[in-house]
Amino acid sequence: MNPVVPDENAVATYYGRPVLKQPVWIWTVPAYFYVGGISGAVLVLGAVAQIKRDPGLRPLVIAARRLGFIGQAVGSVLLIADLGKPSRFLNMLRVFRPLSPLSMGSWVLAVGGALSGLASILPQKHRSTRSLSDVSGLAAGALGIPLAGYTGVLLANSAIPVWQGARHSLPALFVSSSVASCASLFEMMELSPREQRIVHRFGVIGKTAELICITAMERQLSEREAVVKPLRNGVAGALWTVSKVLTVASLALTLMPGQSKARRTAGVLGTIAGIGLRFAVFQAGFASSRNPKAVV
Amino acid sequence: MPQKGFFTDTTICIGCKACEVACKEWNQLPDDGFVFSGLSYDNTVELGASTWRHVAFIERPVALGNQETALGNFSWLMMSDVCKHCTRAGCLESCPTGAIVRTEFDSVFVQPDVCNGCGYCVVSCPFGVIDRRADDGLAWKCTLCYDRLKDDLEPACAKACPTDSIKFGDLIELRLMAEKRVEELHERGLTEAYLYGADPATQPGTEGLNAFFLLVDKPEVYNLPSDPVAPAKRSGAAWASLAVAGVGLVAAAVAAIWSDDESSGS
């Protein structure tokens, strides 16, 4: 059943002790992966809708900015809660370090959040404030692109074997999952028929891409049994499998023609899948860090 | 200021743990509890936020190259582990606050008044050295006794080492000394002796360690990774994946919104 791999038992260890340190992060980190990812995807959707300059899409544009801002605000709180010294959260903006995805992400979140906040609160009645709001909305949308998936780069840029081993696909997986999660969130909301169609297409693309990325990531990690192991066993493995199944189910329901109940259910399933996927990947890192045989 | 570092020659380590004690005392680090691990003489078990030197004890059913044994083959390896102060330091490159800096001695130092305990360095170290302390929430590791170096003193561990297994000095001199030592050991029949992390050629992933080691068995035996790599050296693929997916994200949004043209009149 397993691919041909070197005999794991032949690898020497120091009394089976881990080589690496376990992450010190808590549940707020994967929760942020989900919330921040949606925020990125929805801001992109809103900015693209804004570019179309169609009055019929204006409610979607406004809703997207607000959702994006709420996601960034909640996400910031989740990240600050994880810090060992939360009162020093502003130190994140002390340096600008392109080598560190966490530094880049902090800037994207801080600047993007300010922009989406501005776009959301500026009055839409006056021409001048409205155009300032639109400029902010576009800029927030541009920053939404990295926001949707930089967390994948953040994990891949670590020494943890299962995260580093997934570096070719994990960022793409997080981006596509953000699209799927964003669509799932909208599917649970009251929308106009036109907005429903937009969300439907966005969701089908996102969920399909997510399943492709999942398959690609599993294939890459399978090159070494010790590396892929956490995604096949234990809590992480169970979450990973459940979220895969639910993504398929959510996609299938989305594709069923014209039933609003099915749409809602697809949204619920897609949401659980999106959250489960982030926690699965997060949890897999803990198991991976404990296995000295996964470290080369 | 010349580059400073450690050359730890494990063949003359006697496992006295004076380095561990000296480090704890000088740096005023809290104890880690009095646990009995059952792993040979190693009750320290690992490096951590409050343990910056750790002596590993390896009991092997194998004799050393030049060793004569009376009752079966056996050898006992001891090695004092420490932060490697890598040329490409994963912790430093990941640090989003700039708390982790390169000092004038070329060592890697965490500024405790800047660190906000984000924990990214913890997963970025390929050696599992740095960790976050539970009480103050900050990341801590060996400072190469930055305060002592400032006063022209050698680090506490090197000062305390009774066999000079831990050698401190200018990196260039330490490397020459280490190469000579390996040659000498080879001549004496200990042909398995080699240097771990002494230069960028043998350890491209870190581009060399400022604290390197002389070992007589595979790195994994000492709980060292055989091919440590600063994560950022490999993350180009991750950024590329994000870039491709970012284009896909915009394309998905355009497809979702633009393909609805026929009904936009309503």
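Calculation notes
Residues numbered from 1 in each chain as written. Chains lettered and ligands numbered in written order. Predicted model: local features only at pLDDT ≥ 70, side-chain atom pairs only at ≥ 80, totals over all residues. Heavy atoms only, no water. Pairing = 2+ DSSP bridges. Helix = DSSP H or I, 4+ residues; strand = E, 2+ residues; numbered from the N terminus. Axes fitted to C-alpha atoms, helices over the stretch in contact; angles between N-to-C directions. Contact = heavy atoms within 4.5 Å. Buried area = accessible area lost by both parts, 1.4 Å probe. Salt bridge = Lys/Arg side-chain N within 4 Å of Asp/Glu carboxyl O. Polar contact = N/O pair within 3.5 Å; in protein donor to acceptor, adjacent residues only side chain to side chain. Nonpolar A, V, L, I, M, F, W, Y, C, P; charged D, E, K, R; others polar. 1 Å grid on protein atoms, 1.4 Å probe; cavity = no way out; pocket = protein on both sides within 12 Å on 5 of 7 lines; lining within 4 Å. Points joined across faces, edges and corners; volume = space filled by probe spheres on them. pLDDT = per-residue confidence, 0-100. Buried < 20%, exposed > 50% of the residue type's maximum accessible area, 1.4 Å probe, protein only. Phe/Tyr/Trp six-rings, centres within 6.5 Å; stacked < 30°, edge-to-face > 60°.

> I tried to follow the sheet that holds strand S9 (residues 194-196) of chain B on my own but got confused; where do I start?
Backbone hydrogen bonds are what pair the strands of a sheet, in a parallel or an antiparallel way. Residues and elements named next belong to chain B. What the 4 strands build is an open sheet, ordered S8-S1-S10-S9; its pairing is mixed. Bordering the open sheet on either side are strand S8 (166-170) and S9, each of which pairs with just one other strand. Averaged over all pairs of adjacent strands, the angle between strand axes in this sheet comes to 25°, irrespective of strand direction. In the sheet, strand S1 (residues 4-9) pairs with S8 via 5 bridges, with the strands oriented antiparallel. Bridge pairing in S8 links Phe7 to Lys167. Running at roughly 135° to S8, helix H6 (residues 171-187) makes contact with S1, S8, S9 and strand S10 (211-215) of the sheet.

> Whenever I open this one, the interface of chain B and chain A confuses me. Can you help?
Size of an interface: often given as the accessible area lost when the parts come together. Contacts between the two partners involve 76 residues from chain B, matched on the other side by 70 residues from chain A. Overall, the association of chain B and chain A removes approximately 6000 Å² of surface from exposure, summing both partners, and the carbon and sulfur fraction of that is 61%. If you sort the residues of chain B by the area they bury against chain A, Tyr120, Leu249 and Ile257 of chain B come out on top, with a joint share of 12%. Seen at the junction of chain B and chain A, the total is 2 salt bridges. As a salt-bridge pair, Glu46 of chain B and Lys21 of chain A come within 3.9 Å of each other at their nearest N and O atoms. Joining chain B to chain A, the criterion identifies 32 residue pairs in polar contact (both at pLDDT 80 or more). If you list the elements that add at least two residues to the side of chain B that touches chain A, you get strand S2 (53-60), helix H2 (90-94), helix H3 (120-124), strand S6 (131-132) and helix H7 (236-258) of chain B. Among the elements that line the side of chain B that touches chain A, the one with the most residues is H7 of chain B, at 16 residues. For the side of chain B that touches chain A, a count of residues per class yields 43 nonpolar, 20 polar and 13 charged.

> What am I meant to see in the layout of surface pockets here?
Left-over empty space is what a probe sized like a water molecule reveals as it rolls over the atoms. Computed from the structure, the largest pocket encloses a volume of approximately 640 Å³. Elements represented by at least two residues in the lining of the largest pocket include exactly helix H11 (260-290) of chain A together with helix H1 (18-27) and S6 of chain B. With 3 residues, the top contributor of residues to the lining of the largest pocket is H1 of chain B. Looking at the lining of the largest pocket residue by residue, the class counts come to 8 nonpolar, 8 polar and 13 charged.

> Where do I start with the environment of Ser250 of chain A in this structure?
Residues and elements named next belong to chain A. Positionally, Ser250 belongs in helix H10 (residues 234-255). Sequence spacing of Ser250 and Arg263 is 13 residues, and the spatial spacing of their C-alpha atoms is 8.7 Å. Excluding residues within four positions of it along the chain, Ser250 makes contact with Ser184, Lys207, Ala266, Leu269 and Gly270.

> Explain the confidence of the model for chain A here, please?
Detailed reading of the predicted model is not advised wherever pLDDT is low. In the predicted model, chain A carries a mean pLDDT of 95, and the fraction of residues at 70 or more is 96%. Per-residue pLDDT stays below 50 along residues 1-8 of chain A; that stretch engages in 10 contacts with residues further than four places along the chain or on separate chains.

> Just to check I follow, could you spell out unusual backbone geometry for this structure?
Most of the time, phi is negative for any residue but glycine, and the peptide bond is trans. All names here are of chain B. Here the phi dihedral of Gln28 falls at roughly 50°; this positive angle occurs in a residue that is not glycine. Looking at the secondary structure, you find Gln28 in the loop between H1 and S2. Backbone geometry places Leu144, a non-glycine residue, at a positive phi of 55°. Note that Leu144 resides in the loop between strand S7 (139-140) and helix H4 (146-150). Residue classification places Leu144 among the buried positions, given a relative accessible area of 2%.

> What am I meant to see in the packing of aromatic side chains here?
One pair of aromatic rings is described through two measures. These are the centre distance and the angle between the planes. All chains considered together, the criterion is met by 14 aromatic pairs over all chains. Residues Tyr14 of chain A and Tyr15 of chain A carry aromatic rings whose centres are separated by 4.7 Å and whose planes lie at 70° to one another, so their mutual orientation is edge-to-face. Tyr14 of chain A gets classed as buried once you look at its relative accessible area, which sits at 2%. Judged by centre distance (6.0 Å) and plane angle (75°), the ring pair of Phe105 of chain B and Tyr146 of chain B falls under edge-to-face.

> What exactly am I supposed to notice about empty space enclosed by the protein here?
Residue and element names in this part refer to chain B. Counted according to the given criterion, the structure contains 6 cavities of 30 Å³ or more. Of the volumes computed, that of the largest cavity is approximately 140 Å³. Every residue lining the largest cavity is counted, 15 residues in all, and those nearest its centre are Glu46, Leu47, His54, Asp81 and Asn223. Partitioned by chemical class, the residues of the lining of the largest cavity number 9 nonpolar, 3 polar and 3 charged.

> Mind showing me how you'd approach the pattern of salt bridges here?
Any two side chains of opposite charge can pair, on the condition that their charged atoms come close. Within the structure shown, the criterion is met by 23 salt bridges over all chains. The residue Arg17 of chain A makes a salt bridge to Glu46 of chain B at a minimum N-O spacing of 3.3 Å. You can see Arg17 of chain A sitting in the segment before helix H1 (28-51) and its partner Glu46 of chain B sitting in the loop between H1 and S2, one on each of two chains. Connected through shared salt-bridge partners, Asp9, Arg181, Glu184 and Arg188 of chain B make up one network.

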